[in-house]
Amino acid sequence: MKHWKENLLAPLAFTAALILLWELACVLFSLPATVLPTPSAVAKALVQYWPAIRDNSLQTLMTTLLGFGLAIVFGLVLGVAIGWSKLIYGALYPVMIAFNAVPKVAVVPILIIWFGIGTIPAIFTAFLISFFPIVVNVATGLATTEPELQDVLRALGASKLDVVRKVGIPRSMPHFFGSLKVAITLAFVGSVVSETIGANSGLGKMMLDAQAGFNVELVFAGVAALALLGIALYAITALVERRFTGWAFRAEGIG
Amino acid sequence: MVNAGDPLVVLDHVSMTYGHGQQAVKAVDDLTLTIRKGEFIAVVGPSGCGKSSMMKLISGLKPTSEGRLTIEGKAVTGPINKVGMAFQAANLLPWRTAVDNVLLPLEIVEPHRSRIGREKAAYRDKARALLASVGLGGFTEKFPWQLSGGMQQRTSICRALIHEPEILMLDEPFGALDAFTREELWCMTRDIHQSRGVTAMLVTHDLREAVFLADTVYVMSDRPGKIIKVQHVDLPRPRDLEITYEKPFQDLVHELRSHIGKH
């Protein structure tokens, strides 16, 4: 490992310092555990409630990933369509902007009316909140294909499909994978938001119940679990990005 | 079959207009010229004079508004794959190696398109040989960012040549290169033209470049572009860079300069 200081040591040291500061602040100002529990109390809660945290984490993970998967499929299809044709772009874009402007929290009650309290509203919320950045990025990648390059190919008799297949889609891939990092985080937010409004399980629901029972340690343990899960999802997506579009990272790569 | 020296491209009072109605802009006007097979022509003129439009016309990317344009006696109505193009920006695909960039046109043009899947190895050898012929033998498996600007431009020109086009079109291909690299690529272009007998059309701002490479130099006026001067270059071939320092060469450049933008 070449940059272990920047990549491993520095973030770990910073995180440890932050937690230490938190612990010290709680003790020094003798904050009541009902306001801000110490990190050690949160860690204890994590261990104590581990089975519940594990099961609810898996539920949230499942709804997030299903919503994210739907977002990838729809995002790619819509993005290619919008980047392909100015007509489709003109027709769909205003509607999509309007749709994206609606806070997704406002959609959850409708989803609950349609599908009932449970897993499906969480999946849909995750999907709805995360597909927009994918669409925009894929479409941008396609629409910004260099005109000269298009001329080179069109002069050879290439069809629009040829140009999109050989140039447009590959060149939009870094945009696509870049957007996945944003989308996975958003999908996660969508799932948890939906769970806190109406669900039978999931980290959001667990934290809501803990709050109702004044179990502040467990609320914070839920936050910690969310943070860890979020980091893991982001890291996996970033890894996939490097794997598939290494050519776009040339500055740090082989070059 | 068109033999060397016979007319290949014929423009007869050709005009081209962009846009419609009030916004219509005439890009080129009343172009009449003949490009013979194997000839090297250069088109020079001020910025925005329609030089590139002329290239797009001949490659079939843009339709003529008036007049008649034929290649090998047949009217040009759309893109013809007899043309290979290279531009000022090399526009290589960054996710492909040099050899795979060169192969791109063969994935588009028939009959190679249907063959390339089965005969990939043979086609790759052909592309590697072409790259080697422009001095990139050791760089075929490199990605574009691993190549210098001049190497990228060489690769781009190989991409324009791989399907053995009738006409090689170069739109200010050396404009972004430093002076020494540019002269190296002049020599490479000269050698390609010499050895392959390809017909070439060079659009450039650089009068020395035009005179060094071309048999005939066309000077175009400000928009709408008209041909205001046809200059035959009778300097003997093969030409060496040394001739650019000699009087006949400089007289030609000077003469051409006097037709561009009177200051």
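Residues numbered from 1 in each chain as written. Chains lettered and ligands numbered in written order. Predicted model: local features only at pLDDT ≥ 70, side-chain atom pairs only at ≥ 80, totals over all residues.

## A few points about the overall build of chain B
The criterion, for reference: Every helix listed is a DSSP run of H or I at least four residues long, and every strand listed is a run of E at least two residues long, numbered separately from the N terminus. Taken over C-alpha atoms, the radius of gyration is set against a globule rule of 2.2 Å times the number of residues to the power 0.38. Each residue is classified by how many other C-beta atoms fall within 10 Å of its C-beta atom, where C-beta atoms are placed from the backbone; a count of 20 or more means buried, 12 or fewer means exposed, and values in between mean partly exposed. Think of it this way: build a C-beta for each residue from its backbone, and any pair within 7 Å is a contact.
Within chain B, the regular secondary structure consists of eight helices and 10 strands. Taken over the C-alpha trace, chain B has a radius of gyration of 19 Å; the compact-globule value for 263 residues is 18 Å, and the two agree within 12%. The C-alpha extent of chain B, read off along each of the three principal axes, is 50 × 45 × 35 Å. Buried positions account for 42% of the 263 residues belonging to chain B. Counting only contacts in chain B whose residues sit at least 6 apart along the sequence, the fraction spanning at least 24 positions is 71%.

## Quick look at the sheet that holds strand 2 (residues 25-36) of chain B
All names here are of chain B. Note the threshold: Strand pairing is defined by DSSP finding a minimum of two bridges between the two strands.
Pairing within the open sheet is antiparallel, and its four strands lie in the order 2-1-4-5. Looking along the sheet, the strands with just one partner apiece sit at the ends: strand 2 and strand 5 (74-75). Across eight bridges, the pairing between strand 1 (residues 7-18) and strand 2 is antiparallel. Residue pairing in the sheet places Val 10 in a bridge with Thr 34 of strand 2.

## What to know about the domain arrangement of chain A
Where interface size is given, it is often the accessible area lost as the parts come together that is meant. Put simply, the rule is: What counts as a domain boundary in this text is fixed by an automatic or database domain assignment.
Domain boundaries assigned for chain A yield domain 1 (1-31) and domain 2 (37-249). For domain 1 of chain A and domain 2 of chain A, the distance between their C-alpha centroids amounts to 29 Å.

## So, the sheet that holds strand 7 (residues 167-171) of chain B
All names here are of chain B. Stated formally: All axes are obtained by fitting lines to C-alpha atoms, using only the stretch in contact for helices, and the reported angles, taken between N-to-C directions, cover 0 to 180 degrees.
Spatially, 6-7-8-3-9-10 is the arrangement adopted by the six strands of the open sheet, whose pairing is mixed. Two strands lie at the open edges of the sheet, namely strand 6 (83-87) and strand 10 (227-232), each paired on one side alone. Ignoring which end each strand starts from, the neighbouring axes of this sheet average 15° apart. As defined by bridge partners, strand 3 (residues 40-44) adjoins strand 9 (residues 216-220) across four bridges and the pair is classed as parallel. By the bridge assignment, Val 44 is partnered in strand 9 with Val 219. On top of the sheet, helix 5 (residues 149-161) reaches strand 6 and strand 7; it is set at about 165° to strand 6, its chief contact.

## As for the interface of chain A and chain B
Note the threshold: Classification used: nonpolar for Ala, Val, Leu, Ile, Met, Phe, Trp, Tyr, Cys and Pro, charged for Asp, Glu, Lys and Arg, polar for all others including Gly.
Each partner contributes residues to the interface: chain A has 18 residues there, and chain B has 21 residues. Here the side of chain A that touches chain B gets six residues from one element, more than from any other, and that element is helix 7 (residues 147-154) of chain A. When the residues that make up the side of chain A that touches chain B are grouped by side-chain class, the tally is nine nonpolar, two polar and seven charged.

## What to know about helix 9 (residues 203-212) of chain A
Residues and elements named next belong to chain A. Every buried residue of helix 9 is accounted for by Leu 203, Gly 204, Lys 205, Met 206, Met 207 and Ala 210. Looking at the packing, one finds that the buried side of helix 9 touches helix 3 (50-84), helix 8 (160-197) and helix 10 (216-244). Count one or two residues on from helix 9 and you reach Phe 214, which has phi positive near 55°.

## Quick notes on the environment of Gly 222 of chain A
Its place among the elements puts Gly 222 of chain A in helix 10. Along the primary structure Gly 222 of chain A and Ala 45 of chain A are separated by 177 residues, whereas in three dimensions their C-alpha atoms are 9.4 Å apart.

## Overview of the environment of Val 216 of chain A
Residues and elements named next belong to chain A. By secondary structure assignment, the location of Val 216 is in helix 10. Distance from Val 216 to Ile 112, taken between C-alpha atoms, is 28 Å for residues 104 residues apart in sequence. Excluding anything up to four places from it in sequence, Val 216 contacts Ala 33, Thr 34 and Pro 37.

## Here we look at the nonpolar core
As a reminder, the rule being used: Among buried residues, those of type Ala, Val, Leu, Ile, Met, Phe, Trp, Tyr and Cys that are joined through C-beta atoms within 7 Å form a set called a nonpolar core.
Core analysis: the biggest nonpolar cluster contains 79 residues, and Met 201, Ala 214 and Val 217 of chain B have the highest contact counts within it. Not counting the four nearest positions on each side in its chain, Met 201 of chain B is found in contact with Ile 35, Ile 41, Val 43, Met 55, Ile 58, Ile 167 and Met 169 of chain B. By size, the runner-up hydrophobic cluster in this structure holds 45 residues, among which are Val 108, Phe 124, Val 135 and Ala 187 of chain A.

## Regarding the confidence of the model for chain A
Residues and elements named next belong to chain A. Which entries qualify depends on this criterion: Note: pLDDT gives the predictor's confidence per residue, expressed from 0 to 100.
Per-residue pLDDT for chain A has a mean of 89; in total, 96% of the residues score no lower than 70. When pLDDT is averaged over each helix and strand of chain A, the minimum, 84, is found for helix 7 and the maximum, 94, for helix 3. pLDDT under 50 marks residues 251-255. Its contacts with residues more than four places away, or in other chains, come to four contacts.

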